[in-house]
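# Geometric and topological summary
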Amino acid sequence: MARRLTIITLLMTVFAISVAAAVETDARRHQKKPQYGTAIACNISKVCKTAL
């Protein structure tokens, strides 16, 4: 019984670490992505002044 709990705990730890790594990678990728909202907003002159 204790051996099963140890194996389950280790598997949960590996899963948690992999999820944390995926979230961090996604956050870094999101920071590098250029912001296109201002360029789209500048197609309308009134919105461009407020966007900038």
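Before reading on, note that the structure itself is shown above.
The sections below set out a description of the structure shown in this document. Quick caveat, the model's predicted, so the values are computed rather than measured. (Residues numbered from 1 in each chain as written. Predicted model: local features only at pLDDT ≥ 70, side-chain atom pairs only at ≥ 80, totals over all residues. Heavy atoms only, no water.)

Moving on: the overall build of the chain. Within the chain, the secondary structure is distributed over three helices and zero strands. Beginning at the N terminus, the succession of helices and strands in the chain can be written as α-α-α. When the 52 residues of the chain are sorted by exposure, 4% land in the buried category. Carbon and sulfur atoms provide 67% of the accessible area of the chain, an area that totals close to 5100 Å². (Helix = DSSP H or I, 4+ residues; strand = E, 2+ residues; numbered from the N terminus. Buried < 20%, exposed > 50% of the residue type's maximum accessible area, 1.4 Å probe, protein only. Areas by Shrake-Rupley, 256 points an atom, 1.4 Å probe, with all protein chains shown as cover.)

One pass over the full model with this rule turns up one salt bridge. Glu-24 is paired through a salt bridge with Arg-28; the nearest N and O atoms lie 2.8 Å apart. Taken together, the residues span about one helical turn, with Glu-24 and Arg-28 both in helix H1 (residues 2-32) at a distance of four residues. Overall, the relative accessible area of 52% leaves Arg-28 in the exposed class. (Salt bridge = Lys/Arg side-chain N within 4 Å of Asp/Glu carboxyl O.)

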